[in-house]
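So the chains spell out like this:
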Amino acid sequence: MNPKAQISCKLMKKTSHFSAKFSFPSHPIGHKSDHSPSPRDLNSCISSLKSSALHKNLSRGKEIHSWMVINGFLNSPSSITSLINMYSKCNRPIDALTIFDQTSDRNLFNWNAIISGFVTNNLSKEAIDFYYKLRRENIFPDRFTFPSVIKACSDILELEQGKKIHADLMKIGCEFDVFVASALINLYLKFNLTGEARWVFDEMSERDVVLWNAMINGYAQIGEFDLALEVFGRMTVEGVTPGKFTVTGVLSIFSMSGKLGNGRIIHGFVVKIGYESDVVVLNSLIDMYGKCESIGDAREIFELMPERDIFSWNSILSVHEQSGDHDGTLRLFDRMQSAGFRPDSITISTVLPACSHMAALMHGREIHGYMIVNGLRKNDVFVENAIMDMYAKCGSLIEARLVFDGMRDKDVASWNIMIMGYGLHGHGDEALDVFYHMCGVSHLKPDEVTFVGVLSACSHAGLVGPGSEILRSMERAHGVVPTVEHYACAVDMLGRAGQLEKAYELALNMPIEPNPVVWRAFLASCRLHGDAARAEVAACQLFELDPEHCGSYVLLSNVYGAAGRYEDVSEVRRTMIRRNVRKSPGCSWIELNTGVHVFVTGDRTHPESNRIYAELDSLIGRLCEYGYAPSVTHIAQEI
């Protein structure tokens, strides 16, 4: 049973542990005691409970609750409401329910607090159930009840229940309240019922910025960007001043549609109306520029922000990671920690892939330890997969396997990560063991990615027999039709094993038209085994299919160089110049206690570059003393 189901089950029972914990007085909550607390003391307690709820300070909230019990401060309905609200906001819905259940004389404020608390804790079904319990007790809901219960319907996609509640509120006359109308608009637009949403909007005689935002953001979330912008234009025509959430809603449209020019116009509008220092708006601008691939603008806004919050850091980290700047992501992560910000689950899910790409094992271990200590997203399959993937790509297969074996729930991606991790590091037998175990024990079926991983593992480990059998049995035994990626793995497997003729026949006769990846795999095998004739055949195919990929030219040049055909090496170089194809510079990195250091071929930007190159020259000199001969560089550095 998952955690949410367990909570739902417990919520339907009367809990007794809570009473014992706080030693409730003999008289029931709600019964008047002999001592009536002074309003001054009671107001102080309620104020402190509100502060505890706002800051999610559960321990402080419990202290106040204990003091209220001892001093008989639980006679006021407002104290009950404040306690329910505090426990709900501190993510303790069972404790909130216990307070509610032990209250003998409940009023509407108590009901509203518990319903809102359920919604806050993602217990939407329970919120709807309690709404109907409220109605059965002949208590009339008000304008504070309906927004919560309508949101509950929206969260669990209960359209029919939402329509029934809409009918109830029309009988009571709350349909003209702006918060209720906003909740209804969000509900209807989530189901793409634009007509119903527009009817609710048009029925409102007075519309404030909250209502306009509901329409704009609702249209944006269902991809109706033109309608959202139409509402925004109508809003400005009617003289309603856009709020910061209006601006963030419009910016999200251009983020999703990739319209950088329009985003810049809204940026100018932000400056004009005076929101250029608002952290929420600036976070949205960072996100917009990042998704529109204008990394420089996103970084400039971030660096000039007068203040930052955790969302600012998460936004700029995401921008760098999505652009492939893994080194920059880790550097920003280090800056974030130095600035005193504590990573949250969003931070971690952004930074872990950067650790994987950079093989930054120390960073990854620190993040994993931080998650364990702080209980972040425990038993979350997505996060556990990210941790396991980090360990696997960093070469720490023992730790990856410990995470895998310790997972309570595994999905297909979990098995795929473990198979690919073993295959990537040449542990073909272990990869096959995991694959066969997945097929035999797990209730999950392997997918296309699984077979790419296991075929790649067979290729790297030279397991031609098992790999060929798996390719043949994919569709028959597992219902997965081989794709071009699977055939590319098979061609690579045969080629690495020296079976170039079979690899060539498979590339020619595969039921799918071979793509550049297939021919590049064959060309790499020809280079490995020094077969210049077949390499030229593969290169001809590649120059026709993908003439701008530098890797094909480099592979062919290396084949010619190994065969001593230096005139052909020069011809490849001239062809690259003629076609304006440039070889991407080589890149290496090393992780030290001071961070990750990245080095590009010929790079002199590192502050210790002189010492680094001096040490490198010394190492090469020592190697040459023992007979080492540096290999010839076939492609000139300037290409």
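Draft legend 1. Seen up close, the overall build of the chain. When helices and strands are tallied, the chain shows 35 helices and two strands. The principal-axis extents of the C-alpha atoms in the chain amount to approximately 100 × 60 × 55 Å. Within the chain, buried positions represent 46% of all 639 residues. Restricting the contact set of the chain to residue pairs at least 6 apart, pairs at least 24 apart contribute 62%. Surface exposure of the chain reaches about 32,400 Å², of which carbon and sulfur atoms provide 54%.

Draft legend 2. Structural detail: the side chain of Asn283. Its place among the elements puts Asn283 in helix 17 (residues 279-291). Classification of Asn283 by relative accessible area gives buried; the value is 8%. Within polar-contact distance, the side chain of Asn283 engages the side chain of Asp309 at 3.2 Å. Non-local contacts of Asn283, meaning those with residues more than four positions away in its chain, are made with Met305, Asp309, Phe311, Ser312 and Ser315.

Draft legend 3. Expanded view of the layout of surface pockets. The volume enclosed by the largest pocket comes to roughly 480 Å³. Counting residues per element, the ones that place at least two in the lining of the largest pocket are strand 1 (587-592), strand 2 (595-600) and helix 35 (609-625).

Draft legend 4. Local environment of the packing of aromatic side chains. A complete count under the given rule lists 18 aromatic pairs for this structure. Ring centres of Trp67 and Phe73 lie 5.2 Å apart, and the angle between their planes is 70°; on these two criteria the pair is classed as edge-to-face. What makes Trp67 partly exposed here is its relative accessible area of 42%. Judged by centre distance (4.6 Å) and plane angle (20°), the rings of Phe543 and Tyr553 are stacked. Note that Phe543 is positioned in helix 32 (residues 532-545) and Tyr553 in helix 33 (residues 550-562), a separation of 10 residues in sequence. According to the relative accessible area criterion, Tyr553 is buried, its value standing at 1%. Each residue in the set Phe100, Trp111, Phe118 and Phe130 is aromatic and connected to the rest through ring pairs, giving one cluster. Stacked on the ring of Phe543, the Lys or Arg Arg579 has its end atom at 5.7 Å from the ring centre. The residue whose ring lies beneath Arg604 is Tyr613, and the NZ or CZ to ring-centre distance is 3.9 Å.

Draft legend 5. View of a nonpolar patch on the surface. Where nonpolar side chains cluster on the molecular surface, the patch consists of Leu616, Ile620, Leu623 and Tyr628 and spans about 350 Å² of accessible area. For Ile620, the position within the fold is in helix 35. In this structure Ile620 comes out as partly exposed when scored by relative accessible area, which is 33%.

Draft legend 6. Representation of the nonpolar core within the structure. Counting residues in each nonpolar core, the largest one holds 179 residues, and the members touching the most others are Ile114, Phe146, Ile150 and Ile185. Looking at this core element by element, the count peaks at nine residues for helix 11 (residues 178-190). The residues contacting Phe146, other than those within four sequence positions of it, are Tyr131, Pro141, Ile165, Asp168, Leu169, Ile172, Cys174 and Val180.

Draft legend 7. Layout of helix 5 (residues 77-89). Its 13 residues place the ends of helix 5 18 Å apart at the C-alpha level, agreeing with the 18 Å of an ideal helix rising 1.5 Å per residue. Every buried residue of helix 5 is listed here: Ser79, Ile80, Thr81, Ser82, Leu83, Ile84, Met86, Tyr87 and Ser88. Positive phi appears at Asn91, one or two residues downstream of helix 5, with a value of about 60°.

Draft legend 8. Seen up close, the confidence of the model for the chain. Scored by pLDDT, the chain comes out at a mean of 87, with 91% of its residues at no less than 70. With pLDDT under 50 throughout, residues 633-639 is counted as low confidence; its partners more than four residues away or in other chains account for 19 contacts.

Draft legend 9. View of unusual backbone geometry. With phi around 60°, Asn91 is a residue other than glycine that occupies positive phi space. You can see Asn91 is positioned in the loop between helix 5 and helix 6 (93-101). In this model, Asn192 sits at a positive phi of 65°, which is unusual for a non-glycine residue. Turning to its location among the elements, Asn192 is positioned in the loop between helix 11 and helix 12 (194-203).

Draft legend 10. Focus on the pattern of salt bridges. Scanning the model with the defined rule gives 33 salt bridges in all. Between Arg143 and Asp177 there is a salt bridge, with the nearest N and O atoms lying 3.5 Å from each other. Remark: Asp177 occurs in the loop between helix 10 (159-172) and helix 11 and Arg143 occurs in the loop between helix 8 (124-136) and helix 9 (145-155); sequence separation between them is 34 residues. Since its relative accessible area comes to 39%, Arg143 is described here as partly exposed. For Asp546, the salt bridge identified is with Arg520, shortest N-O distance 3.2 Å. Note that Asp546 is positioned in the loop between helix 32 and helix 33 and Arg520 in helix 31 (residues 516-529), a separation of 26 residues in sequence. A single salt-bridge network, built from bridges that share partners, covers Arg198, Asp202, Arg207, Arg234 and Glu238.

Draft legend 11. How the structure looks around the packing of helix 23 (residues 381-393) against helix 25 (residues 412-424). With their axes 9 Å apart at the nearest point, helix 23 and helix 25 run at an angle of 0° to one another. When the axes of helix 23 and helix 25 are compared, the pair comes out roughly parallel. The segment helix 23 lies against helix 25, with Val381, Asn385, Met388, Asp389, Ala392 and Lys393 engaging Ala413, Ser414, Ile417, Met418, Gly421 and Leu424. For the contact of helix 23 with helix 25, the residue count by class is seven nonpolar, three polar and two charged.

Draft legend 12. Main features of the state of the cysteines. Scanning the entire structure with this criterion turns up zero disulfides. Here Cys489 stays unpaired: no disulfide links it, and the sulfur of Cys458, its closest cysteine neighbor, is 9.7 Å away. Here Cys526 stays free of any disulfide, with the sulfur of Cys540 as its closest cysteine sulfur at 12 Å.

Scoring rules and cut-offs
- Counting from 1, residues in each chain are numbered in the order their sequence is written.
- Note on the predicted model: pLDDT of at least 70 is required for a residue's local features to be given, and 80 or more for side-chain atom pairs to be given and counted; whole-chain, interface and lining totals, by contrast, use all residues.
- Hydrogens and water molecules were not included; the side-chain quantities draw on all heavy atoms of the structure.
- Comment: elements are numbered from the N terminus, with helices defined as DSSP H or I runs of at least four residues and strands as E runs of at least two.
- Working definition: with a 1.4 Å probe on protein chains only, accessible area under 20% of the residue-type maximum means buried, over 50% means exposed, and in between means partly exposed.
- The criterion used for residue contact is that any of the two residues' heavy atoms lie within 4.5 Å.
- Method for areas: the Shrake-Rupley scheme with a 1.4 Å probe, in which residue coverage is limited to the protein chains shown.
- Throughout this description, a polar contact denotes any pair of N or O atoms lying within 3.5 Å of each other; where both atoms belong to protein, one of them has to be capable of donating a hydrogen while the other can accept it, and for residues adjacent in sequence the pair is counted only when both atoms sit in side chains.
- In the cavity and pocket records, a cavity denotes points on a 1 Å grid over the protein atoms alone where a 1.4 Å probe fits but cannot get out, a pocket denotes an open set with protein on both sides within 12 Å along at least 5 of 7 lines, and lining residues are residues with an atom within 4 Å of a point.
- Grid points are joined across faces, edges and corners, and a volume is the space filled by probe spheres set on the points.
- Aromatic pairing here means that ring centres of Phe, Tyr or Trp (its six-membered ring) are within 6.5 Å. Orientation follows from the plane angle: under 30 degrees is stacked, over 60 is edge-to-face, and everything else is tilted.
- Whether a charge lies above a ring is judged from NZ of Lys or CZ of Arg, which has to be within 6 Å of the ring centre and within 35 degrees of the ring normal.
- What goes into a patch is any residue over 30% in relative accessible area without a salt bridge, connected to like charges within 9 Å or, for nonpolar side chains (Val, Leu, Ile, Met, Phe, Trp, Tyr), within 5 Å.
- We define a salt bridge as a contact between a side-chain nitrogen of Lys or Arg and a carboxyl oxygen of Asp or Glu at a distance within 4 Å.
- Only buried residues count toward a nonpolar core. Its members are Ala, Val, Leu, Ile, Met, Phe, Trp, Tyr and Cys residues joined through side-chain atoms within 4.5 Å.
- One fewer than the residue count of a helix, multiplied by 1.5 Å, yields its expected span.
- pLDDT runs from 0 to 100 and stands for how confident the predictor is about each residue.
- Between N-to-C directions, angles span 0 to 180 degrees; the directions come from axes that are lines fitted to C-alpha atoms, helices contributing only their stretch in contact.
- For this classification, under 35 degrees means roughly parallel, over 145 means roughly antiparallel, 65 to 115 means roughly perpendicular, and everything else is oblique.
- In this classification, Asp, Glu, Lys and Arg are treated as charged, Ala, Val, Leu, Ile, Met, Phe, Trp, Tyr, Cys and Pro as nonpolar, and every other residue, Gly included, as polar.
- Disulfide assignment relies on a single distance test, namely cysteine sulfur atoms paired within 2.5 Å.

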